[in-house]
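Here's the letter readout for the chains.
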Amino acid sequence: MLVLGIESSCDETAVALIEGQAGGEPRVLSSVISTQIPLHRLYGGVIPELASRNHSTNLPGVLKEALEQAGRSIHDVDVFASTAGPGLVAALLVGNTAAKALALTARKPFIAINHMEGHLLSPFIGRKEGLVPHLGLVVSGGHTLLIDVQGTGEYSLLGRSRDDAAGEAFDKVAKMLDLPYPGGPEIDKRAALGDATRFTFPRPMMHEPHLDFSFSGLKTAVLYTLPTLVESGNPHDLPEQDMNDLCAGVRQAIIDVLIHKTMKAAKQSGHKVIAVSGGVSCNKELREQMAEACRRRKIELVLPPAHFTTDNAAMIAYAGYLRAQIGAYSPLDTPVDPNLKLTGKQLRK
Ligand code: KG4
Ligand code: ZN
């Protein structure tokens, strides 16, 4: 079975092809991403109108390249899958409508995929043992979720951020420090040169018994710290080392909370496999510290390769492939939904 996936929920236009193997796990034949990040960086964040216009312009070329790299024709595709939400509605519509049109023309099935399901399952792409029941931590720009995964489409929400997502916290602190968008990679780069012990930022809810997160206090903490370092409170007046130490402190506060809550969830759920996904999971320090925490508890940690952590279409095609295996096709009138929840349980932001 050959599945074509399209992703256009935010600022990446992406197309991927995944093919089932006899008696084995499906193989990614191609994964092409055209990023609009340099464009949106000029405005300090994603401009929805600009994103959808650029998806429309970029999609035909990205589709052609993905088919060429895979060495397949559009006529070989058995299933068309596309992100249906959550995301920017006008951006979602571009990829979603394209996938539906292709499915209609080719008389092949269409599958609407929840973007968060794509992230959630992405660590298992290409894994020899395939998808297994596990505890999933999804850390993206819009969501921080702890999910008990029993199988394809069988998800229970264990914890979520009550305010900002982890990626959002990185992005907002970066904006406050006038670092370029997106903030995660920028803070990460500077944190590598900083001292994480100099500033002890709050770790809200870390020791509360529930599994929810709260990251919005971090930006306030940084806001109050700035004037103690430079009278002007202007981040441009900060000495280089102060800036790097601030970034290291922020990164470590986020990592500590994520690891602490994930380990608590593993204990409560009894899972011996943890998978971490989403844009923030490409953070090397988070990966290393999470790996160490798992090693100590004899838990297996499954991580996606860095190129499948941020938005891509391979994760959409993979989720489409798994859904096709259980016959979970979608009618062509399935709408896009900017606030789409993972079905089954009440998964909210
Ligand atoms: O999953 P993703 O590409 O998009 C969403 O679905 O939101 O995640 C993007 C988020 C952004 O907040 C970005 O700042 C963050 O992932 N991010 C990182 C790193 N690379 C991207 N956060 C921390 N460290 C990184 N190296
Ligand atoms: Zn994403």
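Anything mentioned here points back to the structure above.
In what follows, the accompanying structure is described.

**So, the coordination of the zinc ion (ligand 2)**
Link 1 in the chain: Of the protein atoms, only His 115 (NE2), His 119 (NE2) and Asp 311 (OD) coordinate the zinc ion (ligand 2), at distances of 2.0 to 2.1 Å.
Link 2 in the chain: Around the zinc ion (ligand 2) sit four donor atoms; with metal-centred angles ranging over 94 to 128°, the donor geometry is tetrahedral.
Link 3 in the chain: Every donor residue of the zinc ion (ligand 2) comes from the same chain, spaced as H-x3-H-x191-D. Residue His 115 is located in helix H4 (residues 115-121), and its partner Asp 311 is located in the loop between strand E10 (300-302) and helix H10 (314-325); the two are separated by 196 residues in the primary sequence.

**A word on the pattern of salt bridges**
Link 1 in the chain: One pass over the full model with this rule turns up 20 salt bridges.
Link 2 in the chain: Among the ionic pairs, Asp 242 bridges to Arg 198, the shortest N-O distance being 2.7 Å. Here Arg 198 lies in the loop between helix H6 (183-191) and helix H7 (217-229) and Asp 242 lies in helix H8 (residues 240-269), a separation of 44 residues in the sequence.
Link 3 in the chain: Classification of Asp 242 as buried rests on a relative accessible area of 12%.
Link 4 in the chain: Overall, Arg 198 belongs to the partly exposed group, its relative accessible area being 36%.
Link 5 in the chain: With a shortest N-O distance of 2.8 Å, Asp 245 and Arg 198 are connected by a salt bridge. Of the two residues, Asp 245 sits in helix H8 while Arg 198 sits in the loop between H6 and H7, which places them 47 residues apart along the sequence.
Link 6 in the chain: Taking relative accessible area as the criterion, Asp 245 reaches 4% and is therefore assigned buried.

Definitions and cut-offs
- Residues numbered from 1 in each chain as written.
- Chains lettered and ligands numbered in written order.
- Predicted model: local features only at pLDDT ≥ 70, side-chain atom pairs only at ≥ 80, totals over all residues.
- Heavy atoms only, no water.
- Donors = N, O, S within 2.8 Å, 3.2 Å for Na, K, Ca; no water.
- Tetrahedral: all angles 85-135°; square planar, octahedral: opposite > 155°, others 65-115°.
- Helix = DSSP H or I, 4+ residues; strand = E, 2+ residues; numbered from the N terminus.
- Salt bridge = Lys/Arg side-chain N within 4 Å of Asp/Glu carboxyl O.
- Buried < 20%, exposed > 50% of the residue type's maximum accessible area, 1.4 Å probe, protein only.

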